[in-house]
Amino acid sequence: MDALYKVVAELLVKLGSCVALTGAGISAESGIPTFRSQGGLWDKYDPMVYASAEVFRQDPSKYWLIRGEFIRNYGSYQPNPGHYALAALEKMGILEHVITQNIDGLHKKAGSQRVTEIHGSLREIYCQSCGKEYLAPHVPEGDPPFCECGGVLKPNTVLFGEQLPREALETAYQESSSCRTMLVIGTSAVVQPAASLPSLAKQNGAIVIEVNPEKAFATADHYIAEKAGKALSRIVEEVKIG
Ligand code: NAD
């Protein structure tokens, strides 16, 4: 494993132009359960039902049931060493962009500047009637909460059945096809179109490095079987020694 960290650090320094694609796994060490962790929220509530656009239209209280607690405690979730390591790699001039499927805002909180949240953010909440914006954790009481105008409030996140924000998607494709190295961290690589971005990077000549205790991306060039916090901190150390 020691040799692998050295190889990866050398690649990042030599090739640079790195893009990170992150998923729920990088936030697991911040205490936020992934979709597939046992005993987690999603064991009890099927996200395909509770986080679907159609169900939200019929009964927004279902969505607020699974997300309300998170939104009201939004400020208490903190970045972990994995998020900080990516922010450090950006400061070193190695990491150019973070493309994240996460909606928890932790990359920006850790100090990463260039972040594209392709599934949106739980922080921004809009009234579907008058457009008034509320910022988590400051939302009115109630499941679902209503705007002072009486309209339904919806976080600025992409629900199942909704289109991804066009600009974010274009940035994700552009960054993935132009990078020279890609770190794929903590994603099960099943949710499209994010799951296709590592292949896009590879087709355009990038070296793909996966960090995940369970291998998910079959054609990664290098695979680090480790939690994101430990692995990414170690990579930063190796780059510094470099
Ligand atoms: P996923 O739940 O499908 O997969 C998580 C992956 O992370 C798995 O492959 C798992 O092996 C890996 N993992 C677990 N702990 C890890 C750790 N400590 N370090 C590194 N990897 C670890 O998540 P996904 O691929 O991101 O896709 C599912 C969807 O889940 C996305 O759309 C995302 O928006 C949503 N989601 C987001 C959050 C969040 O914002 N934090 C949380 C849950 C789900």
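Look above for the structure.
Now for a description of the structure that goes with this document. (Residues numbered from 1 in each chain as written. Predicted model: local features only at pLDDT ≥ 70, side-chain atom pairs only at ≥ 80, totals over all residues. Heavy atoms only, no water.)

**What to know about the site of the ligand**
Here is the rule: Here a residue counts as near a molecule or strand whenever at least one of its heavy atoms sits within 4 Å of it. Under this definition, polar contacts are N or O atom pairs within 3.5 Å; protein pairs additionally need one hydrogen-donor-capable and one acceptor-capable atom, and for neighbouring residues in sequence, both atoms have to be side-chain atoms. Note on areas: these come from Shrake-Rupley sampling with a 1.4 Å probe, and a residue is covered only by the protein chains present in the view. Helix and strand assignments follow DSSP, with helices taken as H or I runs no shorter than four residues and strands as E runs no shorter than two, numbered in order from the N terminus. We call Asp, Glu, Lys and Arg charged. Ala, Val, Leu, Ile, Met, Phe, Trp, Tyr, Cys and Pro are nonpolar, and the rest, Gly among them, are polar. Domain boundaries shown here were taken from an automatic or database domain assignment.
The local shell around the ligand holds 26 residues, among which Arg 36, Gln 101, Asp 104, Thr 187 and Ser 188 are the closest. Between an oxygen atom of the ligand and a main-chain N or O atom of Ile 103, the distance comes to 2.8 Å. Between the ligand and Ala 228, the relevant distance is 2.9 Å, taken from a nitrogen atom to a main-chain nitrogen or oxygen of the residue. Bound to the protein, the ligand loses 91% of the 850 Å² it would expose on its own. The biggest single contributor to the shell around the ligand is helix α2 (residues 25–28), with 3 residues. Its residues placed into classes, the shell around the ligand shows 10 nonpolar, 11 polar and 5 charged. Inspection of the shell around the ligand shows a minimum of three residues originating in each of domain 1 (1–32 + 79–119 + 163–242) and domain 2 (33–76 + 121–157).

**Some details on the pairing of strand β7 (residues 181–185)**
Rule in force here: Relative accessibility decides the category of a residue: with a 1.4 Å probe and only protein chains considered, values under 20% of the type maximum give buried, values over 50% give exposed, and everything between is partly exposed. Between any two strands, at least two bridges found by DSSP are needed for them to pair. By the criterion used throughout, a crossover qualifies as right-handed when its path from the first strand across the helix to the second strand runs clockwise, the strands pointing away from the viewer.
Among the 5 residues that make up β7, 5 are buried, leaving the element largely enclosed by the rest of the structure. Alignment of strand β1 (residues 18–22) against β7, held across 5 bridges, turns out to be parallel. Bridging across to β7, Leu 21 finds its partner in Val 184. When β7 meets strand β8 (residues 207–211), the two strands line up parallel, connected through 5 bridges. Residue pairing across strands places Met 182 opposite Val 208, the latter belonging to β8. Once the chain exits β7 it traverses helix α10 (residues 197–203) before rejoining the sheet at β8, and the crossover so formed is right-handed.

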